[in-house]
Amino acid sequence: MNEFILFGTTHLLTLSIIFAISLGVPFILRNKYSLDSLSQFEKILGFTLILNELMKPFYLIAFGDYKWTNTVPLHACHISSYATGLFLLTRHQRFFDFAYFWGLGGGTMALLTPDVEFTFPDLDFITLFSGHGLLFFGLMYIVIVIGQKVTFSSLINALKYSLILLPVMYGLNLLIGGEPGYEANLWYLMKAPAGDSLMTLFPNPPMHVIPVFPLVAGIFYMLYLPFYFAEKKSK
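Notes on the structure in this doc start here.

Criteria and thresholds
Residues numbered from 1 in each chain as written. Predicted model: local features only at pLDDT ≥ 70, side-chain atom pairs only at ≥ 80, totals over all residues. Heavy atoms only, no water. Helix = DSSP H or I, 4+ residues; strand = E, 2+ residues; numbered from the N terminus. Buried < 20%, exposed > 50% of the residue type's maximum accessible area, 1.4 Å probe, protein only. Contact = heavy atoms within 4.5 Å. Areas by Shrake-Rupley, 256 points an atom, 1.4 Å probe, with all protein chains shown as cover. Lys, Arg positive; Asp, Glu negative; His and termini not counted. Charge placed at Lys NZ, Arg CZ, Asp CG, Glu CD. Phe/Tyr/Trp six-rings, centres within 6.5 Å; stacked < 30°, edge-to-face > 60°. Axes fitted to C-alpha atoms, helices over the stretch in contact; angles between N-to-C directions. Parallel < 35°, antiparallel > 145°, perpendicular 65-115°, else oblique. Nonpolar A, V, L, I, M, F, W, Y, C, P; charged D, E, K, R; others polar.

Focus: the overall build of the protein
Thinking step 1. A tally of regular secondary structure across the protein gives seven helices and zero strands.
Thinking step 2. Start at the N end of the protein and walk to the C end: the helices and strands fall as α-α-α-α-α-α-α.
Thinking step 3. Along the first, second and third principal axes, the C-alpha atoms of the protein reach 55 × 35 × 30 Å.
Thinking step 4. Residues counted as buried form 44% of the 235 residues belonging to the protein.
Thinking step 5. Counting contacts in the protein only where the partners sit at least 6 residues apart, residues at least 24 apart contribute 73% of the total.
Thinking step 6. When the accessible surface of the protein is summed, it comes to about 12500 Å², and 69% of that surface belongs to carbon and sulfur atoms.
Thinking step 7. Side chains of the protein give 13 positive and 14 negative charges; the mean places of these two sets differ by 18 Å.

Side note on the packing of aromatic side chains
Thinking step 1. Considering all chains together, one arrives at 18 aromatic pairs under this definition.
Thinking step 2. Look at Tyr 100 and Phe 101: their rings are 5.0 Å apart centre to centre, the planes differ by 80°, and that puts the pair in the edge-to-face class.
Thinking step 3. According to the relative accessible area criterion, Tyr 100 is buried, its value standing at 5%.
Thinking step 4. Here the aromatic rings of Tyr 228 and Phe 229 are separated by 5.4 Å at their centres, their planes lie at 65°, and the arrangement is edge-to-face.
Thinking step 5. Residue class for Tyr 228 comes out partly exposed when judged on its relative accessible area of 31%.
Thinking step 6. Owing to a relative accessible area of 52%, Phe 229 belongs among the exposed residues under this scheme.

Quick notes on the packing of helix 4 (residues 93-112) against helix 6 (residues 152-176)
Thinking step 1. At a minimum axis separation of 9 Å, helix 4 and helix 6 run at an interaxial angle of 80°. Between helix 4 and helix 6, the angle falls in the class roughly perpendicular. Here helix 4 contributes Gln 93, Arg 94, Asp 97, Phe 98, Phe 101 and Trp 102 to the contact with helix 6, which in turn contributes Ser 154, Leu 155, Asn 157, Ala 158, Lys 160, Tyr 161, Ser 162 and Leu 165.
Thinking step 2. Of the residues that constitute the contact of helix 4 with helix 6, the class distribution is seven nonpolar, four polar and three charged.

Some thoughts on the environment of Asp 65
Thinking step 1. Structurally, Asp 65 can be placed in the loop between helix 2 (35-63) and helix 3 (76-90).
Thinking step 2. When the C-alpha positions of Asp 65 and Leu 13 are compared, they lie 26 Å apart, and in sequence the two are 52 residues distant.

So, unusual backbone geometry
Thinking step 1. The omega torsion across Phe 120 and Pro 121 is 10°, close enough to zero to call that bond cis.
Thinking step 2. Note that the residue after Pro 205, namely Pro 206, is joined by a cis bond; omega there is 0°.
Thinking step 3. Looking at where Pro 206 falls in the secondary structure, it is placed in the loop between helix 6 and helix 7 (209-234).
Thinking step 4. The residue Phe 7 is not glycine, and still its phi comes out positive at about 60°.
Thinking step 5. Tracing the backbone through its elements, the reader meets Phe 7 in the segment before helix 1 (9-29).
Thinking step 6. The exposure class of Phe 7 is partly exposed, given its relative accessible area of 41%.
Thinking step 7. Residue Trp 187 is not a glycine yet carries a positive backbone phi of 60°.
Thinking step 8. Residue placement: Trp 187 occurs in the loop between helix 6 and helix 7.

Written as C-alpha cells, this is what we have:
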C-alpha cells in the first residue's frame, strides 16, 4: 500500500471530486427546489449521514486494524454528521448550528489534512473521504438549496456546545481507555493525529485546547461572516 502524500495527486483529485459534486449538484438543484419535490431525497440523505457514522465501527473492526475502543463514533465530525442528518429530518435550527460550524470548520480541515497513513484504496482513506465528503455535500445542500441561514446566536451556540462537550469527551476517553495503539482519542484530546495537521504547531493534548479554542472561535466567526454581510446587504 502506497503512503499518503499530503496534496499529492490522489489527494488533490479526491478533493476536486468532492468539492465539484458538493457545490455543483446543489447549484443545479437550487432553482428547482420545493419541499415536496426533494423531501424524499432529503430524508434519504439525512438517514444516510447518520447511519454511515453508526455503521462505521462495524466495518472498520471487520476489515481494518481497529477495536471498539478507538472506533466510538463521537468525534466532532461524527456529531456534525448526526446533526446534519437530524436537521434534514427535523429542520431544527440548533442541529444546524453545530453542524454548520463544526462540519465546515473541522470537516474541511479533516479533508485538507486527513489523519490517514496510506492512500487509495486503503480503508482509512476511503472511510475518511467518503464520510467527510458526504458531510460537506449535506451542508452545501442545506446552505445552497434550502437556503438555511445562521445567525450570531448560531455562532454562540456552536461555541457553547463545544465547551460543554469538551470535558464530556475527555472523560469518555479516560473511561473507555483501550490497549496501547487502540486507545480512545475522541476529539484528539489524548494525542495528536498521526498525519500532518495544524495540531503539530500546538502543545501536546490536552493542553493544546488552550491555544486551539481561540483559533476555532476565529474560524467559526469567519464562517459566520458571509451570512452577516448577506443580511446587511439585504437591509
